[in-house]
Every structure is written in C-alpha cells, then in structure tokens.
Amino acid sequence: MVKRREPTARQMRLATELRRLREAAGLNSRQAAALLGVAPAQITHIESALAGVSEQRVRRLASHYACTDEEFIDVLVAMATERVNGWWEEYRGFLPTSFLDLSELEHHARFLRHVAILYVPGLLQTEDYSRAVFSSRLPELTAEELEVRIQHRKARQEFAIPYEAVIHEAALRIRVSDRATSRAQLARLLELSEADHITVRVIPFDLDCFARASSTMTYVGGPLAKLDTVVRDALHGSAFIDSEAQLNTYRTSFHKVESASLDPGQSREFIHNLAKEL
C-alpha cells in the first residue's frame with residue numbers, strides 16, 4: 001500500500017465520513033479491520049486519508065457500519081474512485097495547500113454562499129483589487145508569488161453554480177488601493193449581480209441592532225447537505241469546518257444575515273449610489 005504524502009480536502013472529507021460512520025456503529029479500528037480482514041493500520045491509514053479505498057471496500061464498510069443511506073454511500077464511492085486531476089493541481093508547489101483545497105471544494109460544490117465584512121469576496125474581485133489585497137499581505141509576497149495568486153484567483157472566478165454574496169457596506173467603502181480601483185470594483189459588482197447565477201446583497205451601516213455579520217465565512221454546498229463545508233479565513237490559513245452541529249450553526253447564521261440584508265434590487269441601487277460618491 002502506497003501512502004499519500006499530501007491528501008486533498010476531498011480525500012480528507014471522505015476519510016472523516018468513514019471514521020464517523022465507524023464511530024456511530026460503536027466499533028473501534030481493530031474491530032473494523034477484522035470485518036474487512038485487514039490489519040488495523042490499514043483502517044487508520046484510510047481514516048487519515050493516507051491511503052485510498054476502493055468502491056468495494058467503501059460499500060463493505062458502510063454495510064458493516066449499518067449505514068442504509070444509499071445516496072450518501074454512492075457519493076462516498078464517487079469521492080473514493082474519482083481519478084481526475086483538477087485545474088488547480090497545476091498550482092501545487094506554488095501556492096499553499098489551502099488555496100488548492102478551496103478550489104477543489106468549489107469545483108465540486110452545488111452552490112456557494114459568502115458573508116464578507118472587510119473585503120469584496122475573491123470570486124467577485126477585479127484583478128487590480130486582488131492585486132491590492134494580496135500586496136498588503138505580511139510577510140510580503142515576491143512578484144512571482146503575487147502573480148501566481150492573482151492568476152489562481154482569476155481561474156476560480158470561472159464558475160457557473162449558484163453563488164450568493166452578502167457584503168457589508170464596510171467592504172464596499174474600504175479603499176484597498178485608490179479611487180479608480182474602488183470605482184472599477186463597484187462597477188464589476190453591478191455587472192456580476194446581473195448574472196443569473198450570482199446574487200449580491202448589501203448590509204448597510206444604518207441597519208439597526210445588527211451584530212450577526214461579525215466575521216467572514218464561505219459556505220460550500222456539498223453533493224448532500226451533510227457534506228457541506230464552511231471555510232473560515234485566519235492569519236495562519238483557512239479552516240475547513242464540517243461537523244453537523246457547526247454546519248447547522250453557520251446555516252442559521254447565514255440565513256439571518258441574508259434576511260437582514262437589502263434585497264438584490266436594493267443592493268444594486270445601493271452600490272450604484274456609492275459608486276457615484278467616488
């Protein structure tokens with residue numbers, strides 16, 4: 001068995017779900033290994049995403065774990081047997097792994113939702129806006145590193161799944177660069193908000209008694225609701241959250257933020273008026 005050196009986010013999620021199924025069945029690794037007729041270390045490697053697992057073994061494990069959700073099992077099988085390398089793999093070795101993991105999640109997503117507080121979401125940024133954001137990072141990026149990040153971000157923007165962004169007025173007003181960059185970014189938001197698959201909503205400063213939009217998050221809809229993921233950015237990199245309890249919390253949080261924001265038409269008018277101030 002050849003061990004993987006660097007599992008992807010998708011491989012890690014498959015491993016996590018298999019471990020959760022085993023734990024829900026009340027079995028330890030040694031007992032699960034005995035049911036398959038393999039060494040306990042092999043279960044450990046599978047559940048750490050250090051080793052792949054065949055369709056037959058996924059189905060046998062699901063049966064031993066008394067999982068009867070056929071749709072869920074089929075999705076796990078697809079995750080286990082997929083062999084296609086995505087476009088993001090060309091950036092491996094040039095970008096942090098979290099960048100690639102986010103690209104992989106987005107590629108397989110059914111929908112995307114975003115709450116933005118300080119910056120316009122990356123999927124909606126102009127190149128100049130992205131350049132200004134990346135240029136502000138510490139430690140500073142080299143010219144080559146900066147260009148790689150910008151090209152990767154532009155590639156991520158080629159998506160066609162439903163996407164909803166709830167953007168705080170602060171993110172629209174903060175000038176990451178100069179007035180021209182801000183005007184172009186607002187114009188880009190207005191243009192993208194007209195696309196059938198993109199919804200842009202604004203949270204204005206003058207909304208009373210609103211403290212829910214306290215932090216940025218990306219909600220990635222998986223093939224099934226139980227396979228959704230929340231991505232949170234931090235100084236040390238992105239955190240991927242997938243426990244059911246936490247997902248429910250973030251679902252509720254997003255819907256509350258969404259319900260308190262301006263509707264799409266009002267949001268476009270808001271952005272239009274803001275652009276006229278610049």
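Scope of this entry: the structure provided in the associated data block. On a predicted model such as this, the values are computed, not experimentally measured, just so you know.

What about helix α3 (residues 40-47)?
Alright, step 1. For α3, the set of buried residues is I43, H45, I46 and E47.
Alright, step 2. On its buried face, α3 is in contact with α1 (9-24), α2 (29-36) and α4 (55-64).
Alright, step 3. Just downstream of α3 lies A49, where phi reads positive at about 60°.

Some words on empty space enclosed by the protein
Alright, step 1. According to the stated counting rule, one finds three cavities of 30 Å³ or more in the structure shown.
Alright, step 2. The computed volume of the largest cavity comes to approximately 160 Å³.
Alright, step 3. Surrounding the largest cavity, 14 residues form its lining, R10, L105, P223, L227 and T229 being those nearest its centre.
Alright, step 4. Mapped onto the lining of the largest cavity, the elements with two or more residues apiece are α1, α6 (97-108) and β4 (217-221).

Considering the layout of surface pockets
Alright, step 1. Within this model, the second largest pocket holds a volume of roughly 510 Å³.
Alright, step 2. Considering the residues around the second largest pocket, the lining is formed by 23 residues, among which T8, Q11, E82, V84 and N85 are closest to the centre.
Alright, step 3. Of all the secondary-structure elements, those providing two or more residues to the lining of the second largest pocket are α1, α5 (70-81) and α6.
Alright, step 4. Across the lining of the second largest pocket, the residue classes break down as six nonpolar, eight polar and nine charged.

Rules and cut-offs
- Residues numbered from 1 in each chain as written.
- Predicted model: local features only at pLDDT ≥ 70, side-chain atom pairs only at ≥ 80, totals over all residues.
- Heavy atoms only, no water.
- Buried < 20%, exposed > 50% of the residue type's maximum accessible area, 1.4 Å probe, protein only.
- Helix = DSSP H or I, 4+ residues; strand = E, 2+ residues; numbered from the N terminus.
- Contact = heavy atoms within 4.5 Å.
- 1 Å grid on protein atoms, 1.4 Å probe; cavity = no way out; pocket = protein on both sides within 12 Å on 5 of 7 lines; lining within 4 Å.
- Points joined across faces, edges and corners; volume = space filled by probe spheres on them.
- Nonpolar A, V, L, I, M, F, W, Y, C, P; charged D, E, K, R; others polar.

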